Amino acid sequence: MNISDILTHLGEDREHYFQAVAPPVVQTSNFVFPDLAAFRAAFSDELEHHVYSRGNNPTVEILRKKLAALEGTEDCLVFSSGAGAVAAAVLGNVSAGDHIVCQQAPYSWTNALLRKFLPRYGVEHTFVDGTDLDNIRAALRPNTRVLYLESPNTMTFECQDLAACAALAKERGIVTMIDNSYSSPIFQNPAAFGIDIVLHSGTKYLNGHSDVVVGVLCGSKAMVKKIFESELMTLGGILGPHDAALVIRGLRTLPLRVQRSDASARFLIEKLDNHPKVARIWYPFHRSFPQRELAQRQMRGCGGLFSVQFNTDSMEKMEQFVHRLRRFLMAVSWGGHESLLIPTVGFYGIPGKPEPALPWSFCRFYIGLEDPEWLWEDLEQALEVL
Ligand SMILES: *Cc1c(COP(=O)(O)O)cnc(C)c1O
């Protein structure tokens, strides 16, 4: 299916709602049954019928159909956050006594799920440097049930070989899942490499306007039904219909937005590449990136995230650099319209927190939809203090 078909038509049965172009926000908790036959049919399968909006809601359903098609999977569930989608995917596939192998630098709250939360329920994990498949193979145990990937991750962008990981896991009956937020479905479709579950923080590119927190879980019909009936319905971390309508609106421009971010990031990286105050750049398609060949094999583009280590001799100068940036906003998250930075120096000197693994001269940038020349002017004037 062409992406334009997915974004403009799929799931939108306009004859059911006055031929409206924009889908209605079906803001209801429950649905009426006209007779007992309808009642019985609905309770035979709550994922396919309308019973109660913790389960299925027509606005949310439109979003689910589009997202499943974007990732090339049979079905999809949406959650009230990316963290909720990650938790549902992992919890849905482990029991006490099981073991998870995870690439070593996942998103912080995924890390917390494995390190702090799951051990309370008897689920163990091993973090491995996933840039080498041998490390993953060596970490597998007879009780390993899940291989958790994030390729690329969102600070230093290490990749895993998706096809090789999927093949290795399939041999041993291990479920593979990946956080695909970095690439978005526009630049990488892990299901095509055999990965079982594709997760997104839809808060980032999918919604794309920094005004909704949302999570996405894509997979086979059987996997989605299993997680729907258990983790989604019991833990209840659902997306409301109003937020679903906002994400549907965000999706209309997804290809335009990620392509714009990608082009602007490449423009700025080229400028930074030639600047004497830049020591190193992290970007999967950058000529210095150790896994560039793998990244180019798996991904069609990178998007707006990249990281830079600056050449400077003092933390004070680094702090001045951060404060001189006016057009970049200092904030977590990414994938919206606005360009952002996370300076590692901000994590130094927080009372009660250990110093980060990354040096204080490191910054993660996200390039939004603004004029890239205007962003470069800002960077260039701030670089003068380093
Ligand atoms: C933001 C993020 C998450 C968590 O998503 P929320 O929507 O904030 O809960 C998970 N993974 C990655 C890579 C993220 O950037």
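In what follows, the structure referred to is the one given above.
Residues numbered from 1 in each chain as written. Predicted model: local features only at pLDDT ≥ 70, side-chain atom pairs only at ≥ 80, totals over all residues. Heavy atoms only, no water.

**Some points on the layout of surface pockets**
Link 1 in the chain: A volume near 1,500 Å³ is recorded for the largest pocket.
Link 2 in the chain: If you go around the largest pocket, you meet 41 residues; those closest to its centre are Pro 106, Tyr 107, Ser 108, Met 155 and Phe 347.
Link 3 in the chain: Of all elements in the fold, only α4 (82-91), α5 (108-117) and β6 (197-201) reach the threshold of two or more residues within the lining of the largest pocket.
Link 4 in the chain: Broken down by element, the residue count for the lining of the largest pocket peaks at 7 residues, all from α5.
Link 5 in the chain: The residue makeup of the lining of the largest pocket, split by class, is 18 nonpolar, 14 polar and 9 charged.
Link 6 in the chain: Counting contributing residues per domain, the lining of the largest pocket is built from domain 1 (3-251) and domain 2 (254-383), each supplying no fewer than three. (1 Å grid on protein atoms, 1.4 Å probe; cavity = no way out; pocket = protein on both sides within 12 Å on 5 of 7 lines; lining within 4 Å. Points joined across faces, edges and corners; volume = space filled by probe spheres on them. Helix = DSSP H or I, 4+ residues; strand = E, 2+ residues; numbered from the N terminus. Nonpolar A, V, L, I, M, F, W, Y, C, P; charged D, E, K, R; others polar. Domains from an automatic or database assignment.)

**Topic: a nonpolar patch on the surface**
Link 1 in the chain: Side chains of Leu 36, Phe 39 and Phe 43 sit close together on the surface and give an oily, nonpolar patch of about 300 Å² of accessible area.
Link 2 in the chain: Here Phe 39 is to be found in helix α2 (residues 36-44). (Patch = residues over 30% accessible without salt bridge, like charges linked within 9 Å, V, L, I, M, F, W, Y side chains within 5 Å. Areas by Shrake-Rupley, 256 points an atom, 1.4 Å probe, with all protein chains shown as cover. Salt bridge = Lys/Arg side-chain N within 4 Å of Asp/Glu carboxyl O.)

**Side note on the pairing of strand β9 (residues 305-310)**
Link 1 in the chain: Taken across its 6 residues, β9 has 5 buried, putting it largely inside the fold.
Link 2 in the chain: Where strand β8 (residues 278-282) lies against β9, 4 bridges are found, and the strand directions are antiparallel. In the sheet register, Val 278 faces β9, and the bridge partner there is Phe 310.
Link 3 in the chain: Direction of pairing for β9 relative to strand β12 (residues 362-366): antiparallel, over a ladder of 5 bridges. Considered in β12, the bridge of Gln 309 is made with Phe 362. (Buried < 20%, exposed > 50% of the residue type's maximum accessible area, 1.4 Å probe, protein only. Pairing = 2+ DSSP bridges.)

**Here's the deal with the site of the ligand**
Link 1 in the chain: Among the 14 residues in the neighbourhood of the ligand, the closest are listed as Gly 82, Ala 83, Asp 179, Thr 203 and Lys 204.
Link 2 in the chain: For the ligand, an oxygen atom lies 2.8 Å from a polar atom in the backbone of Ala 83.
Link 3 in the chain: Interatomic distance of 2.6 Å between a side-chain N/O atom of Thr 203 and an oxygen atom of the ligand.
Link 4 in the chain: When isolated, the ligand has an accessible area of 380 Å², and the protein chains bury 91% of it.
Link 5 in the chain: Class assignment of the residues belonging to the shell around the ligand gives a composition of 5 nonpolar, 6 polar and 3 charged. (Near = heavy atom within 4 Å. Polar contact = N/O pair within 3.5 Å; in protein donor to acceptor, adjacent residues only side chain to side chain.)

**Brief notes about the packing of α4 against helix α9 (residues 221-235)**
Link 1 in the chain: At a closest axis distance of 10 Å, the pairing of α4 and α9 adopts a crossing angle of 130°. Between α4 and α9, the crossing angle belongs to the class labelled oblique. Considering how the two elements wind past one another, α4 and α9 form a crossing that is right-handed. For the pair formed by α4 and α9, the contact residues are Ala 88, Ala 89 and Leu 91 on the first element and Ile 227, Glu 231 and Leu 235 on the second.
Link 2 in the chain: Of the residues assigned to the contact of α4 with α9, the class counts are 5 nonpolar, no polar and 1 charged. (Axes fitted to C-alpha atoms, helices over the stretch in contact; angles between N-to-C directions. Parallel < 35°, antiparallel > 145°, perpendicular 65-115°, else oblique. Left-handed = near helix turned anticlockwise from the far one by under 90°. Contact = heavy atoms within 4.5 Å.)

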